[in-house]
Amino acid sequence: MTTYELYINDILCDLSSDEVVTLLYQSPIFSSLDSIQSNRSYNIALPPTPANMRAIGQAARPDADADAPYVRLPAALYQDGVPLFTQGFAVVTDIADTINVTLTWGNVDNFQPLFDANLRDLEPQLEAAGENIVAWNKNTAILEGSATGEYPGVAFWGVDFGMGISDPKYLHPSVLVSSILSAIERQNGVTIDGKERLAYSKNLGPIIPLTRKKVGPKANGYSNYCDISMSASDILPKEPWVNTRGIFSTSEPRIKLNDSGTSYITLYHPNSPTGDFLLPHNDANDISSLKISIYCDGVFLGEGESYEKTKTSDTMWMFKFHKISVQTDTQGVVTVKISKPISGSMVPLPNPIISIHNSDWDIYFPGFFPVAPNLPDISQGDFILALMSMNGLFAYADKNSPNTIKLISIDDIIANVQNNDIIDWSDRVILNDFHRVDMPDASIFTIDDLAQSNILDYDNDDDVKTDTYGTITIRNENIEKETELVSLPFSASENATTDGVNCAVVPIYEDNGKGGANYSECSPRILSGRGAFMSGIARCIGVFDPWMKFGGEEGIVKTRYASYQKVVDRLRIITIRAKLTALDLYNLDYTKPVYIAQFGQIFAIYSVETGENDICDCQLLKLKVDGVVAATYYLRLDGKNEDSQWVAEADGINGTAYTITSNGTPYIVDYDSRLYVDLYEEDGDLYLSIYAPENAGTEEINYNPVILGIQENDAVRRQVAVSQKAKSA
C-alpha cells in the first residue's frame, strides 16, 4: 500500500482513502524552454476536513476573504517517507464537495519571467557589473588579445560595420554572450546549470555586436554626448574670456533636438560622466554664480544656474549645473553659453560635454555608448532558446531547486551509454497483456512537430547570401514533408577582408560619397571571437565561422545534432509498465539510459506516469548506439604526429601557423604569457598561430613551450575482468 503525505502551507493534509495520486515526470527531450511540461499531479480531490480547510485558509467559507484561491500555495509531497518534492506549489482550482487542487513542481512557471522580459531590460544588472557603457571617441581601439583569456563584457571587437575597422566613428561595441547570460541570472534570480555550454565557441566568443545606436529610456548622464572644443577659435565672439561671456558651440551639427517635448541638457566634464564639472580659475576668491544657457540655431531655449560648487584646490572648483527643460521641435546645432558677472579673469573651460537625454535619439560620436538599450529586441527566454538551438540542448527544471535551469542533450545520454552508466530496469518490467516478454505494451513512431525534413536556420536578412541552413531528416513517409524546426532570431554574417583583417561584415553604415556614411540598423547578429594581428598588435575580431552554420560537414547539425539525428530517424517510443519505488522516482535522472534485457535494447526515459501500488506507465525512447568511442586519438601539426620547433625573428613581426588535424577536439593547454597564441578555424581548417613580441635585448629568449591537447571525455576507458583457475589437484 502506497502512503502519501501532502503538505500545503506546511499543514499535513488529509487524503481520501480511495485517492490515487498520479504524477507525471516528463523528459525535456524534444521540448524547449517555454514548453517544458512541469512534473505535476492530476487534480487531487481533498476532503473538506478541518486540516484541509486550514491549509487553504478557510477559503470554502464565503465570509473568509482568503488568498488561497488566487495564489500558488507552497506544497511538498512525500511517498513512503521519500520526498518526491519539497518546493512545489498547490493551486486551488475549485471547491465543491471536495477541495480540488493541482500540484506542480520543478515548475516551468519559474521561467516565465524570462519570456516577459526583454534583453534591453538588463540595464541595472549590466550597470552593476560595470558592463553597460563604453567610451566611444577618437581613442576607441579594437580590443587587444589577452594572455589570460579574460575579456571585458563589453568592448570594441574587430567587426566591419560597413566602413572598415580603422575609423572609430564607424565601430560599434560587442557584448560577450556569457555576460548577457550572467545578467539574466541576476535579474531573474535563476541559475543556468552549465551555462558555458550555451556560450560555446571554438575560439574567444561568442559575441553580440550592437547594430543599434539609440540613447535608451534611461537618461542618467551618459545617454548622449558631444565634445565641445574650448580652443580659442571655438569661442564666439573671437575674444578671450575677459569682460564678456564665453560662447561655446559644436563645430558640426552632431547633436540635434529632433523631437518635440521636454528635453534635458546638462553640462558634464568628459572624465566625469557622473556629473562632476571642474572649473579651473586663476583667482579662488573670484568664483561667483555662473549661468548656463542653451541655444538651438541661435534661438534661446532656456538657462539654469549652478546650484552647487565645491572648492577642490586653490585653483580648481567643481560645479554641478541644474538640468534645463527645453521645449523645441526644431533641428539644429546646439550652442552652450556660460556666463559670469564681469570681474577678474578666467582661463578657458576644459572641454565640456553636452548631454541631451531622449530615448528615441541616436547616439552621436564621440561620446559614450550604452549597451542595454542597443541589445537585440528579443525576450531573454528567446535568447536562451536560440543558444540552446545552436548547441543541441534541451532544458528542464531541477526538482530540488525550481529556479535552476538544467541542460541536457542526446549526446549526454549516449555518453553515459559509452561509459556504461546505465540503469537496468529488466527486473521491474511487468509482463504485457499478451504475455509476450519480447513486446512492449505499445509503440509509437512519430512525435508532434517533426517532419520528414526538419529545417534549422538563422532568420537571415537580404545581406546574407550564403546558405546557412541545415536539415535533420526522418525516413517516415507517413508524416509531413517539411517543417521549420529552428529559426534563430539572429542573422548570419558574411566575412570579408578589410584593413588587412578577415572579419565579419555587419552592414549598418554605407558611404554617402560626401566624406561620411548613411546609417541604417540591420538584423541582430551573433559572431565568434578570434585573435588576429593588426599592425603588429594582437587584436580581437568577430567572425562568422563555418562551424556556426547549421549545414555543412563542420556545421551545427553534423556536430551538435548527430545523436539527435540517429534517434529521430525511424523513431520508436515504447510504452511499458514498470514497478518503480518512491526512491526510484526521487532519483530519476533523464541523462541515465535504461536497459531492458527482455528487448535487448537501451532506451532514454521519455516520460513516467505513476499509478497505484508503484505501477508506472513509462514511455521510453529507443537509442541507436553504434558502439563505443575509439580510445585512440591523434593530433597532428602540419600532418605530422610529432613535436615541432619554431625560431622567431628578433623583430617579432613574422609569426607562424600550423595546420591542426585531429579526431578529437584540440585546445590550448598552456603557453608562455609573453607570446600571443590562438587556435582558430578558417575555411573549414583549424590553425594554431604563434607570434612573439620584439626582442630588444642582446640575449636569446627561450619561451615556455606551447602545449596543445585534445579536450575529450576522460571517462572513456577500457576495463578487463580478470579471473584465475584453481591449481590442479
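Small disclaimer: the values here were computed from a predicted structure and weren't measured.

**A look at the pattern of salt bridges**
Across all of its chains, the model carries 16 salt bridges by this definition. Notably, a salt bridge pairs aspartate 193 with lysine 406, separated by 3.0 Å at the nearest N-O pair. A residue pair is termed long-range when its members are at least 10 positions apart, and aspartate 193 in strand S12 (residues 191-193) and lysine 406 in strand S26 (residues 401-408) qualify at 213 residues. We classify aspartate 193 as partly exposed; its relative accessible area is 38%. A salt bridge links arginine 530 to aspartate 545, with the shortest nitrogen-to-oxygen separation between them at 2.4 Å. Taken together, the residues span a long stretch of sequence, with arginine 530 in strand S37 (residues 528-534) and aspartate 545 in the loop between strand S38 (537-543) and helix H7 (556-560) at a distance of 15 residues. Here arginine 530 matches aspartate 545 in class, with each residue buried. Salt bridges here are not isolated pairs; linked through shared partners, they connect Asp421, Asp589 and Lys592.

**A closer look at the sheet that holds strand S43 (residues 635-637)**
Within the open sheet, the four strands sit side by side as S43-S44-S47-S46. Their pairing is antiparallel. Only two strands of the sheet have a single neighbouring strand rather than two, namely S43 and strand S46 (676-682). Pairs of neighbouring strands in the sheet enclose a mean axial angle of 25 degrees, with direction left out of account. Pairing geometry for S43 and strand S44 (residues 656-662), over three bridges, is antiparallel. Within S44, the residue paired with leucine 635 across the bridge is serine 662.

**Focus on the pairing of strand S25 (residues 394-398)**
Buried residues dominate S25, accounting for five of its five residues. Both S25 and S26 contribute to a ladder of five bridges, which runs antiparallel. Along S26, the bridge assignment pairs alanine 397 with isoleucine 405.

**With respect to the sheet that holds strand S10 (residues 154-155)**
Pairing is antiparallel in the open sheet, where three strands are placed in the order S10-S11-S13. Edge positions in the sheet fall to S10 and strand S13 (207-209), since each of these pairs with one other strand and no more. The pairing of S10 with strand S11 (residues 174-176) spans two bridges and is antiparallel. For valine 154, the partnering residue across the bridge sits in S11 and is valine 175. Across the sheet, helix H4 (residues 177-188) is in contact with S11 and S13; its angle to S11 comes to roughly 65 degrees.

Rules of the game
- Residues numbered from 1 in each chain as written.
- Predicted model: local features only at pLDDT ≥ 70, side-chain atom pairs only at ≥ 80, totals over all residues.
- Heavy atoms only, no water.
- Salt bridge = Lys/Arg side-chain N within 4 Å of Asp/Glu carboxyl O.
- Helix = DSSP H or I, 4+ residues; strand = E, 2+ residues; numbered from the N terminus.
- Buried < 20%, exposed > 50% of the residue type's maximum accessible area, 1.4 Å probe, protein only.
- Pairing = 2+ DSSP bridges.
- Axes fitted to C-alpha atoms, helices over the stretch in contact; angles between N-to-C directions.
- Contact = heavy atoms within 4.5 Å.

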